[in-house]
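Analysis of the macromolecular model
The residues making up each chain are set out below.
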2 protein chains.
Amino acid sequence: MPVPHLAAARSGPIIDLERCIINAMPSIEHWLRNQWQTHTVPFYCSVDLRNSGFKLAPVDTNLFPGGFNNLNPEFMPLCVQAMMAAVEKICADARNVLLIPESHTRNIFYLQNLATLQAIMRHAGLNIRIGTLLPEITTPTTIDLPDGVKLILEPVQRKGNRLVTEDFDPCAVLLNNDLSTGVPPILQNLEQIIIPPLRAGWATRRKSQHFAAYDNVALQFAGLIGIDPWLINPYFASCGKINFREKKGEDCVASTVDEILHDIREKYAEYGVREDPFVIVKADAGTYGMGIMTVKDGSEVRALNRRQRNKMAVVKEGLQVTEVMVQEGVYTFESINEAVAEPVIYMIDHYVVGGFYRVHTGRGIDENLNAPGMQFVPLAFEDTCLLPDREARPGCSANRFYAYGVIARLALLAAAQELEKTGERTGSTV
Amino acid sequence: MPVPHLAAARSGPIIDLERCIINAMPSIEHWLRNQWQTHTVPFYCSVDLRNSGFKLAPVDTNLFPGGFNNLNPEFMPLCVQAMMAAVEKICADARNVLLIPESHTRNIFYLQNLATLQAIMRHAGLNIRIGTLLPEITTPTTIDLPDGVKLILEPVQRKGNRLVTEDFDPCAVLLNNDLSTGVPPILQNLEQIIIPPLRAGWATRRKSQHFAAYDNVALQFAGLIGIDPWLINPYFASCGKINFREKKGEDCVASTVDEILHDIREKYAEYGVREDPFVIVKADAGTYGMGIMTVKDGSEVRALNRRQRNKMAVVKEGLQVTEVMVQEGVYTFESINEAVAEPVIYMIDHYVVGGFYRVHTGRGIDENLNAPGMQFVPLAFEDTCLLPDREARPGCSANRFYAYGVIARLALLAAAQELEKTGERTGSTV
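Described below are features of the structure shown in this document. (Residues numbered from 1 in each chain as written. Chains lettered and ligands numbered in written order. Predicted model: local features only at pLDDT ≥ 70, side-chain atom pairs only at ≥ 80, totals over all residues. Heavy atoms only, no water.)

Our next topic: the sheet that holds strand 6 (residues 141–144) of chain B. Residue and element names in this part refer to chain B. Here six strands make up an open sheet; going across it, the order is 6-7-5-4-10-11 and the pairing mixed. Of all the strands in the sheet, the pair left with one neighbour each is strand 6 and strand 11 (193–195). With strand direction ignored, the average angle separating the axes of adjacent strands in the sheet is 35 degrees. As defined by bridge partners, strand 10 (residues 172–176) adjoins strand 11 across three bridges and the pair is classed as parallel. (Pairing = 2+ DSSP bridges. Helix = DSSP H or I, 4+ residues; strand = E, 2+ residues; numbered from the N terminus. Axes fitted to C-alpha atoms, helices over the stretch in contact; angles between N-to-C directions.)

The next thing to look at is unusual backbone geometry. Residue and element names in this part refer to chain A. Residue proline 196 is reached from isoleucine 195 by a cis peptide bond, and omega for that bond is -15 degrees. With respect to the helices and strands, proline 196 occurs in the loop between strand 11 (193–195) and helix 5 (207–225). Despite not being glycine, aspartate 349 has its phi angle at roughly 50 degrees, a positive value. Position of aspartate 349 relative to the elements: it lies in the loop between strand 17 (339–348) and strand 18 (351–360).

Looking now at the sheet that holds strand 12 (residues 236–239) of chain A. Residue and element names in this part refer to chain A. Pairing within the open sheet is antiparallel, and its four strands lie in the order 12-15-13-14. Every interior strand has two partners, whereas the edge strands, strand 12 and strand 14 (292–295), have only one. Within the sheet, the average angular offset between the axes of one strand and its neighbour, ignoring direction, is 20 degrees. In this sheet, strand 15 (residues 324–328) lies alongside strand 13 (residues 279–283) in antiparallel orientation, the contact comprising five bridges. By the bridge assignment for strand 15, isoleucine 280 is matched with glutamine 327. Running over the sheet, helix 6 (residues 250–271) touches strand 12, strand 13, strand 14 and strand 15 and is turned about 15 degrees from strand 15. (Contact = heavy atoms within 4.5 Å.)

What follows covers the relation of the copies chain A and chain B. Between the two copies, chain A and chain B, the superposition gives an RMSD of 0.0 Å; the rotation angle is 180 degrees and the shift along the axis is 0.0 Å. On the angle and the small slide along the axis, the relation comes out as a two-fold axis. Looking at the rotation axis and the C-alpha trace of chain A, the residue lying nearest is A:Leu78, at 2.9 Å. Looking at the interface residues of chain A, 100% of them are also at the interface in chain B, so both copies use one shared face. (Least-squares fit on C-alpha atoms with pLDDT ≥ 70 in both.)

The next subject is the side chain of B:His30. Here B:His30 is to be found in helix 2 (residues 25–38). We classify B:His30 as buried; its relative accessible area is 9%. With residues up to four places along the chain from it excluded, the contact list for B:His30 reads A:Ala92, A:Asp93, A:Ala94 and A:Arg95. (Buried < 20%, exposed > 50% of the residue type's maximum accessible area, 1.4 Å probe, protein only.)

Each partner contributes residues to the interface: chain A has 40 residues there, and chain B has 40 residues. Taking both partners together, chain A and chain B bury about 3,300 Å²; carbon and sulfur atoms supply 55% of that area. Among the residues chain A hides against chain B, the three largest losses belong to A:Arg33, A:Gln81 and A:Glu88. Together they make up 21% of the total. There are zero salt bridges connecting chain A and chain B. Linking chain A with chain B are 18 residue pairs in polar contact (both at pLDDT 80 or more), by the criterion used here. Among the secondary structure elements, those contributing two or more residues to the side of chain A that touches chain B are helix 2 (25–38), helix 3 (76–91), helix 4 (108–123) and strand 18 of chain A. Top contributing element to the side of chain A that touches chain B by residue count: helix 3 of chain A, with 12 residues. A breakdown of the residues in the side of chain A that touches chain B according to their chemical character gives 22 nonpolar, 10 polar and eight charged. (Buried area = accessible area lost by both parts, 1.4 Å probe. Salt bridge = Lys/Arg side-chain N within 4 Å of Asp/Glu carboxyl O. Polar contact = N/O pair within 3.5 Å; in protein donor to acceptor, adjacent residues only side chain to side chain. Nonpolar A, V, L, I, M, F, W, Y, C, P; charged D, E, K, R; others polar.)

Looking now at the pairing of strand 15 (residues 324–328) of chain B. All names here are of chain B. When you tally the buried positions in strand 15, you get five out of five residues, the bulk of the element. Side chains Val324, Val326 and Glu328 project from strand 15 onto one buried face, and the interleaved Met325 and Gln327 project onto a second face that is buried too. As paired elements, strand 12 (residues 236–239) and strand 15 share four bridges and run antiparallel to each other. Paired with alanine 237 across the bridge in strand 15 is valine 326.

This part covers the packing of helix 2 of chain A against helix 3 (residues 76–91) of chain B. Where helix 2 of chain A contacts helix 3 of chain B, the axes come no closer than 11 Å and their chain directions differ by 65 degrees. What the angle tells us is that helix 2 of chain A and helix 3 of chain B run roughly perpendicular. Crossing of helix 2 of chain A against helix 3 of chain B: the hand is right-handed. The segment helix 2 of chain A lies against helix 3 of chain B, with A:Glu29, A:Arg33, A:Trp36 and A:Gln37 engaging B:Met84, B:Val87, B:Glu88 and B:Cys91. Considering only residue class, the contact of helix 2 of chain A with helix 3 of chain B consists of four nonpolar, one polar and three charged. (Parallel < 35°, antiparallel > 145°, perpendicular 65-115°, else oblique. Left-handed = near helix turned anticlockwise from the far one by under 90°.)

Below you can see the structure in the form of structure tokens.
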């Protein structure tokens, strides 16, 4: 496999960071082990990273990962083993599991993700069925996937406080649906365990809460290995009460943009980075790269045209954007055949089971690669993130992927802390 | 990789057993998950299996596995991930670990096992050094292995109640030494955690205790999937106060042999097996296939010549044999290029991380393949034991290896129960 190339001129500092991580590996793993003892990690998770050569940071942490099909099939055993550990920890007594997928899409790639996830769980010894919330599916429906796999979507029913299908009464419900439009009544007050908890959905979750938790994690980690936390942590701030269509709350966004750009400029000066700073403005709740834009000056926010306003006003399934997060943009300086590449790391429990690159030819190095209608090419990591080699040359894929796995686990830890906090707030512990 | 061939005429029943196991997979994994919640599994373990076509059973459970180098290198990530889980469970706070290898051998294959084990633990984020008990090693000694790896053996010292090397103070001591000659004083009353516990060594351990625990496990498991426990469990009994040189206690051995042969004959008749029953007489404590013989009639025990008596009288490092286990012999009907093959399954914590075949041309299907001076050829499993396929044809390697992984985990569970019992007896909980 061709490994994405890291623009040479900028690779110095990141190789320093990578070397720092490789050298501190025993301390890092020891520290992480202790974290996993004190925090309950999400069942599964994917993290979008950005590697700018001078900075390596998470930009999005997804608690309903939808790209298991993009992982290297050779890592299937690793996924199965991690799944066994996850099930043991979270629902040891479960035997029958009902997977609830996204309703908004019958995208073939997403369906392949479901098939892969189902295969992983089956190999881990679970009876797993896929129950859809789509009202138009009223009988078990078989979908033939291109690789010959048959996926069966079954209509779900509510029986008292249990979610069932016609002939399947699951012990646990696994969500692969991010609940962007809220928690549908059929999922409320179930007596079965729901994984991840409902509050991990975008009806409750806020990116700014995640990155607030990540601030804390990054600070501790940076202290542990003796680096500037900024090298692994993008600046951010949030603004509430926004209405893009009615031009409400724009001042907050514009001034926040300018403040963050100012802070980035100072850091760029400190590290001798010559690029133009930029920020990403995105919906604080939501996903799929909708309601998102790249900005290089606060005035751009005020000068949005109607089309841009409409684009920012809603995310998936028409959910209104009222809160916005402004986040330091991290350039992606990884590229392959001149196409921009962004690593995505997959975890089951706290185990890094693999990753892939989102490769996109039509996008710039300062743009979001997970955009609506985006046709990225997934490029599976050929190596796992588990075999760093202190003796190998810096920047080799084994070491780079290990560093990615470390930063992804920091984001996972932040997600764990974030869910603990929202759990306290809602009085929920599951 | 060529997968060992299973003699066709006899493969019917084992394929039935295999099919039973594959079909019951969710129940099996669910049951095992519950077992791992209630029992503390050994840190690592290897299990020698025998597949006779009509029967699949463990014949030896090693708590100090010495063949990690024989596993498929592609499964390294699986080993690392399982090691992370094991360390987390048993010694989460450990960062520095001292590995104590066997002293009796500087066999190159064994040293490669140490190097592989060290690599696995390093990748799991531990600082791991190898401290030898060999008195002739007085300074750190580097050994160059054929694959270019350098292994450093360091002399160990006792500092108060800590085992250290000159510049390394470990948090934990990992034994890869089976303590056949007893627990050396330098390892007694350490304040560091010792993994596995000292009582897992052959100074304390008895095969008959292990197989007594296995009886119980096999019975429960057989009930779970609805099979005759005999299909996965060899008959056995033990005799004490034996002295082969002085012909003491032979009557017990001879009559036990005949009783077991009688029981096997009944089972063979029940299942229509036409082979000659045989038993294995072996030292109840000890390893390395010394003090072991194949017997087809009790009278053979009384008729041993002097050379045979001497061979049975001692095991590794001159340890006297005073207790003997008589175990139903299980034919190995797996062969490759007409050489006899015996599967060995490796586990870290309760995760099956791989396996290999011991292939031996010079040995019969009713002989022990792990004999002194034996030069077996290891043949790594090409597939993991984690990807059974209900749709695949019975007997394919994925399903066969999964079945092996299941039976090996039963032996692991028996080892856990055995150590719990001996722990209660000695008042030790570690």
